[in-house]
Amino acid sequence: MIMSKTICCLFANPVSIAAACCLSLGIAAFAQDAATQNPSNAQYTNKIEPTYNYRFGKKHPFAPGDAELAGGGFIRPGAFPDARYCAHCHKEAYHQWRHALHSNSFRDPFYRASVNILIRTKGIEYSRHCDSCHNPVAVLSGALTEDSQVNRGFDDDGLNCMVCHSIQALKSTSGNGGFVMGVPAVITDAKGNRIPGEVPYQEIMDHTDRHVRAVMQDFYHSSTFCAACHKADLPQPLNDFKFISAFSTYDEWQNSRFSHQSPLTFYSGPKKTCQDCHMKRAPNKLLDYGAKNGMFASHRWLAGNTAVPFYYGFKNQLDKTIAFLQSGKYLHIDLFGLKPANQDSVIGPLGAVPFRIEPGETLDAYVVIQNKDIGHSFIPEIRDLYQAWVEFSVKDARGKVICQSGFLNPDGSLDPSAHSFTNRPVDKDGEFVDNHEVWRIHSVAYDNTIQSGQSTLVRYRFRVPSDVTGPIRISVKVNYRHFRKSYVDNVFGKDHPAYPVVQIASAARELKIGENQPAPRLPNEEPDWMRWNNLGIAYLNEVQYGAAVDAFSKVVRLRPSDPDGYTNIAVTEIEWEKYASAEASIQKALSLSPKNARALYYRALLERRASQPEKELADLLEVARQYPQSRDARRELGVNYYRLGDEAKAVQQFEALQAIDPDDLAAHYNLSILYHRMGLTKQAEAQQALFVTEKINSTARSLSFAYLQNNPTASLESIPWHLHNLVPSSNTTNASSNPAGRMPQKAAQ
Amino acid sequence: MKCVAVLLTATALAFSGPAQSESACPWINSATVAGASDVSISVDVQRSGSGSTCSFSYHQGTALHQVRIVVEDAGNPSSLPLYRAQCATPETPLNGIGNEAVICRAKPRFPYAEQVIGRVRDRRFVVFVSSSSRPDTRVIADTIRNTATKIAEQVAGNLY
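Presented here is an overview of the structure given in this document. (Residues numbered from 1 in each chain as written. Chains lettered and ligands numbered in written order. Predicted model: local features only at pLDDT ≥ 70, side-chain atom pairs only at ≥ 80, totals over all residues. Heavy atoms only, no water.)

**Here's the deal with helix H20 (residues 528-541) of chain A**
Residue and element names in this part refer to chain A.
Step number 1: Spanning 14 residues, H20 covers 20 Å between terminal C-alpha atoms, matching the ideal 20 Å at 1.5 Å per step.
Step number 2: Within H20, twelve of the 14 residues are buried, leaving the element largely enclosed by the surrounding structure.
Step number 3: Among the residues of H20, Trp529, Met530, Arg531, Trp532, Asn533, Asn534, Leu535, Gly536, Ile537, Ala538, Tyr539 and Leu540 are the ones counted as buried. (Helix = DSSP H or I, 4+ residues; strand = E, 2+ residues; numbered from the N terminus. Expected span 1.5 Å × (residues − 1). Buried < 20%, exposed > 50% of the residue type's maximum accessible area, 1.4 Å probe, protein only.)

This is the structure in structure tokens:
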């Protein structure tokens, strides 16, 4: 094989040449090759080590990322069998993967534009943080050091087949590439030992069981596998500041109804893993021995990335991505109600109650947007670059626009006052951090994402024209673009085609001038109890406790046998510090469903306030029995045992909590104290250090204020309860100031 | 020889002022150019102003392979026609490399050469790959073309 590599690698075209070379050799040659391809082989490591930059210590060669190589040292890039080799038997997988984000994870210009800034400003060794997930072969082969002479021919394959299929263990759910890479092998010997590198295809066909043993692991089917890269933090060695959580898609899933691991969700539903949504099985069109009963798990990983397939011209991938985003179930828009600007009460749910509209009247439209069926937040990652926003318009009977928000300007930039599901990271000077230069982030000025299963309320104030006669039509859409135009401008300059805008959800309602009578439910409209429930959740998220209790009370009236409505009232009242009425609501919930874990959890919190630790313990134990992976139950049980003086059991709970979320602050804090008391000084110091670095820096928050002070539109968006005032300023009545489209913006649209 | 002269003129036009010689090409390393780390390869890097030219040459068996990479200010209007004049075949657009890129078979200095001309924002890059080995088979011609494309992608990636 060494001989054939020398011949084939120069102008390497592995499909036509290497495969032919490989097929001509027997298993004996590959057995010999196995020895030389062992990732721990000293020869390759010895070659890399002398000039390798160990900035983060010899014990952490791949820091600031968390990837690990079984056996240590470095691994030859060629030790990973080429994707085209796998394609021989897995054509469907190969063709899907080639167009998917995973295969383009390093080379795509949107990534390179950002990581190149890191390399140029801080040094290539820092890029190991990003490339642990974007280009693990580069990291593990020791290529990310100055003047590296590693052949980077693997760059355009990103996460190739044998990167994922060689991972032998997961380090934790902390992300940052927290996996353990084993010997890349497509087959094991009879004893289960991994045989490195490529082998003749016939060898695999003769021992498919050994092939499966080499390339599959049970945990590949779990969401924790995805956590290795779909959760990330910015560690101190990267930003020279402190730990900052970057994104936590895995945690969001773990806290969602889809995981069946959290009792605290607003809704329940079927269990779904990441793979259930992003690797759906479908009939395979091409030969693939991995298919089962003609169905193959998608290796397209359809999600939200439209820019990369658009850039590369992968039309099929783009079309499927758009279809995925538009499947209609992920978000739900409810034009819930109207509130005359000079009144306090909201008329709603629209369609279910009569109301009257007068010409010249100023109205607030209440739009509830629910993250209905996404197993993580909307938007889950890279919120500073992805762009999702609400397009709101009111038109008269002739289609003339009365007012609008969330439109695209002629140059493709977004109306700066649009309601968008984004965040604004800021640096040490309180300036917006552009280009995803995450190593400069010190604070986040605001974050308007919607968590899984939850809702947000967007309010628009508009004025009905005084001369209007026919009906008016209110339309609401949630649009999505990958990426915001200003970033695409930064990547390519301004001379690039317009990137796709995808409408994910929409709703519209026609309103008559004068009397409006109740009407049949619109297509896709939720039942009234759910509309009130979603409004209540949105109010709760926007710290409108009184309004939230009112909305949940409507739910209780419409669904008196459902304990969740009462629990929702209790949750709100606990946050509102109205504990007595919260207890009444929770008891009502438990009378309807005595073992309801969510209600028991909140009753335990009330029992803690009432100094009833034994009752609290009993309730929390029942919650943990039903939901052993509930981080909340483990945390509160730890606190409970701590207060009861049972330190051993407290430690047990906090350690269980850390196994679920290694970055839980309460676990760090309490374990540092408990370990210290137990004489475990080193462990105590480690937990203390983690607590100090992971605790949110209150001083950094002032940087957000500096940014918001200079950016009034962002400042308004940062307020949970805000109004988008679309009434021209001269006509404004009782309105908070937000003249649409007039605010100067830092280049972030 | 006429082709060589034209290309050298284009390079000279691109870089006014004294050139500085370096050993490491900022856009790609030798191993990636050669497709292997165990190939003996000579490298010359000339920098001038905001531009640079990296020249690689190496032998494989009896064949001599040469790769030249020019990166320059895309605002320089005079050099582009000279590069395009090197194309012996119509330019074929390359998807997914830079803002835009084209590939063509270059006028033969050696029996076979390919050239990619592309741009990333305000930077132009030209990748010229030649081999003294005769393209006896379509596979060899394709691999030279594939090599030029892969080198161009590496260069473009580092220019973002």
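**Details of the pairing of strand S3 (residues 51-60) of chain B**
All names here are of chain B.
Step number 1: Sheet topology note: the strand S2 (residues 41-48)/S3 ladder contains eight bridges and is antiparallel. Note that in S3 the partner of Arg47 across the bridge is Ser52.
Step number 2: Connecting S2 to the antiparallel partner S3 that follows it, the hairpin turn spans two residues, and Gly49 within it adopts a positive phi of roughly 55 degrees.
Step number 3: Pairing of S3 with strand S4 (residues 63-73) involves nine bridges; the strand directions are antiparallel. Across the sheet, residue Ser52 finds its bridge partner in S4, namely Val71.
Step number 4: Hairpin connection from S3 to S4: two residues lie between these consecutive antiparallel strands, with Gly61 at a positive phi of about 65 degrees. (Pairing = 2+ DSSP bridges.)

**Points about the state of the cysteines**
Step number 1: All chains considered together, the criterion is met by three disulfides over all chains.
Step number 2: Here Cys133 of chain A engages in a disulfide with Cys229 of chain A; their sulfurs sit 2.0 Å apart. Here the disulfide of Cys133 of chain A and Cys229 of chain A is left-handed, its torsion about the S-S bond being about -95 degrees. Pair noted here: Cys133 of chain A is in helix H8 (residues 128-134) and Cys229 of chain A is in the loop between helix H13 (223-227) and strand S6 (231-234), with a separation of 96 residues, a long-range link.
Step number 3: Cys87 of chain B shares a disulfide with Cys104 of chain B; S-S distance 2.0 Å. Between Cys87 of chain B and Cys104 of chain B, the disulfide has an S-S torsion of -70 degrees and is therefore left-handed. In this pair, Cys87 of chain B is assigned in the loop between helix H3 (79-84) and strand S5 (92-93) and Cys104 of chain B in strand S6 (residues 100-105), connecting sequence segments 17 residues apart. Exposure class is identical for Cys87 of chain B and Cys104 of chain B. Each is buried.
Step number 4: Here the disulfide map of chain B reads 1-2, 3-4, the bonded cysteines being numbered as they appear in the sequence.
Step number 5: With no disulfide of its own, Cys161 of chain A lies 3.8 Å from the sulfur of Cys86 of chain A, the closest cysteine sulfur. (Disulfide = S-S within 2.5 Å.)

**Some thoughts on the interface of chain A and chain B**
Step number 1: Listed as interface residues are 33 residues of chain A and, on the opposing side, 32 residues of chain B.
Step number 2: Taking both partners together, chain A and chain B bury about 2,600 Å²; carbon and sulfur atoms supply 43% of that area.
Step number 3: There are three salt bridges connecting chain A and chain B.
Step number 4: Where the side of chain A that touches chain B is concerned, the elements lending two or more residues are helix H1 (2-8), helix H2 (14-23), helix H7 (109-121), helix H17 (307-312) and helix H19 (485-492) of chain A. (Contact = heavy atoms within 4.5 Å. Buried area = accessible area lost by both parts, 1.4 Å probe. Salt bridge = Lys/Arg side-chain N within 4 Å of Asp/Glu carboxyl O.)

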